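Coordinate analysis (summary)
Okay, here's what each chain looks like letter by letter:
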Amino acid sequence: MKKKIALITGISGQDGAYLAKFLLDKDYVVVGADRRSARANMWRLKRLGIENKIITDEIELTEPFEISRLFKKYKFDEIYNLAAQSFVKTSFSSPLYTCNVTGLGVLRILDAMRELLPNAKLYQASSSEMYGEILEKKQNEKTPFNPRSPYAVAKVFGHFIIKNYRESYNLFAVSGILFNHESPFRGEEFVTRKITKGLVGILNNDLNCLELGNIYAKRDWGYAKEYVEAMWKMLQQKKPEDFVISTGSAYSIKEFIDLSSKYLGFKTRWIGKGLNQKLINISNNKPIIKINPKFFRPTEVDLLIGDSSKAQKILKWKAKTSLKQLVKIMIDDEIKYLN
Ligand code: NAP
Ligand code: G4F
């Protein structure tokens, strides 16, 4: 039987790597596309031992000619659009660029698909950030969006243009509204990896103290490796539909720090309030976490908790890894690859 061929944009990112491994294990031909970079950014694929098993090509989401070229070169059965300027904080300093890549990039992909590959299936990486200042206690596919950052506004555009092209041109194009998902492959600027890497660095005497922003925000954190299966499942359905993917539980950054420091064997206590709040290492009375307003955002998303009952019912998908287990996975890996 002819192998299915899938395109993953954003192949160098966290989800791109896990999804590539998942699809290769299902015997797909995987074309992994990324923008050209002067920096070596394929370390995740190397770690998974799949760097030489995927076909690599270039895609720049601001460049429609490059998208068309790729869509003429390969007859994709499935397209996973994971590429984005995905760091929320950067979207405040680069709003136009973020909207161009993360928002309009989706339209460029969709329009090339309409013209060149109308029978392909397209997955769009939508985000729980779209709920922003939440309008319902638990967020599901029907909860209205209330975005709080240029990144989230761009994702809302991407989400609705997918729906519009699906309805206007009868394309199989769907959005997965994924809540935060983490792993050892998470970028170092995101808060979970910043904490696991930072605390391991402190234990190893490479770092004195870690500086963070708002530690009272709460997120619904799952394990990225499990979440890519849900993306694939969405494209195996008869009917194109959007799904929320989440664990259903939320924890604060402070709780994530406490779980991590406890797992590493630190004896700690919190002191002070607001900007003066610190986490003290009881063994030497020195602070290991401080607050730095530099990491605050102009507008914050205080709380996200997803309701993924539709995915549980239709996709038969459910998150399995607890936050405690996720912390262990991330820290063990951090220690293993310390040098
Ligand atoms: P990530 O690690 O930041 O990866 C983003 C990828 O997009 C990288 O490969 C990056 O390439 C690529 N990219 C950035 N700008 C590009 C451009 N102009 N043209 C082409 N490629 C570009 O993100 P992730 O965590 O894997 O997330 C995957 C997707 O899911 C993103 O769209 C993100 O917004 C969305 N999402 C993530 C989460 C989450 O919790 N992880 C939750 C909801 C939605 P470089 O290596 O060159 O930077
Ligand atoms: O780890 P974060 O940067 O992730 P954020 O903003 O929730 O966005 C991630 O998840 C979204 C899904 O909801 C994705 F769409 C998006 O692409 C990305 O993957 O920040 C999490 C929380 C925020 O409330 C932030 O203010 O942690 C808080 N935080 C506190 N101190 C910090 C820091 N965040 C970062 N990155 N760095 C800090 O020092």
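Rules and cut-offs
Residues numbered from 1 in each chain as written. Chains lettered and ligands numbered in written order. Predicted model: local features only at pLDDT ≥ 70, side-chain atom pairs only at ≥ 80, totals over all residues. Heavy atoms only, no water. Helix = DSSP H or I, 4+ residues; strand = E, 2+ residues; numbered from the N terminus. Rg over C-alpha atoms; globule rule 2.2 N^0.38 Å. Buried < 20%, exposed > 50% of the residue type's maximum accessible area, 1.4 Å probe, protein only. Contact = heavy atoms within 4.5 Å. Areas by Shrake-Rupley, 256 points an atom, 1.4 Å probe, with all protein chains shown as cover. Lys, Arg positive; Asp, Glu negative; His and termini not counted. Charge placed at Lys NZ, Arg CZ, Asp CG, Glu CD. Near = heavy atom within 4 Å. Polar contact = N/O pair within 3.5 Å; in protein donor to acceptor, adjacent residues only side chain to side chain. Nonpolar A, V, L, I, M, F, W, Y, C, P; charged D, E, K, R; others polar.

Attention shifts here to the overall build of the chain. When you go through the chain residue by residue, the secondary structure sums to 11 helices and 15 strands. Radius of gyration (C-alpha) of the chain: 20 Å, near the 20 Å computed for a compact globule of 339 residues. Each principal axis of the C-alpha distribution contributes one length, and for the chain these read about 65 × 45 × 40 Å. Among the 339 residues that make up the chain, the fraction classed as buried is 53%. Long-range pairs, those at least 24 residues apart, make up 75% of the contacts in the chain with a sequence separation of at least 6. When the accessible surface of the chain is totalled, it reaches about 16,100 Å², and 51% of it is carbon and sulfur. Separation between the mean location of the 55 positive side-chain charges and that of the 37 negative ones in the chain comes to 4 Å.

With that out of the way, let us pick up the site of ligand 2. Close contacts around ligand 2 come from 23 residues, with Ser-127, Ser-128, Tyr-151, Arg-297 and Glu-300 the closest. A distance of 2.7 Å separates an oxygen atom of ligand 2 from a polar side-chain atom of Asn-180. A distance of 2.7 Å separates an oxygen atom of ligand 2 from a polar side-chain atom of Lys-194. Here ligand 2 has 710 Å² of accessible area as a free molecule, and 95% of this is covered by the chains. Its residues placed into classes, the shell around ligand 2 shows 10 nonpolar, six polar and seven charged.

Attention now goes to unusual backbone geometry. Even without glycine at this site, Asp-27 takes up a positive phi of about 70 degrees. As for its placement among the helices and strands, Asp-27 is situated in the loop between helix 1 (14–25) and strand 2 (29–34).

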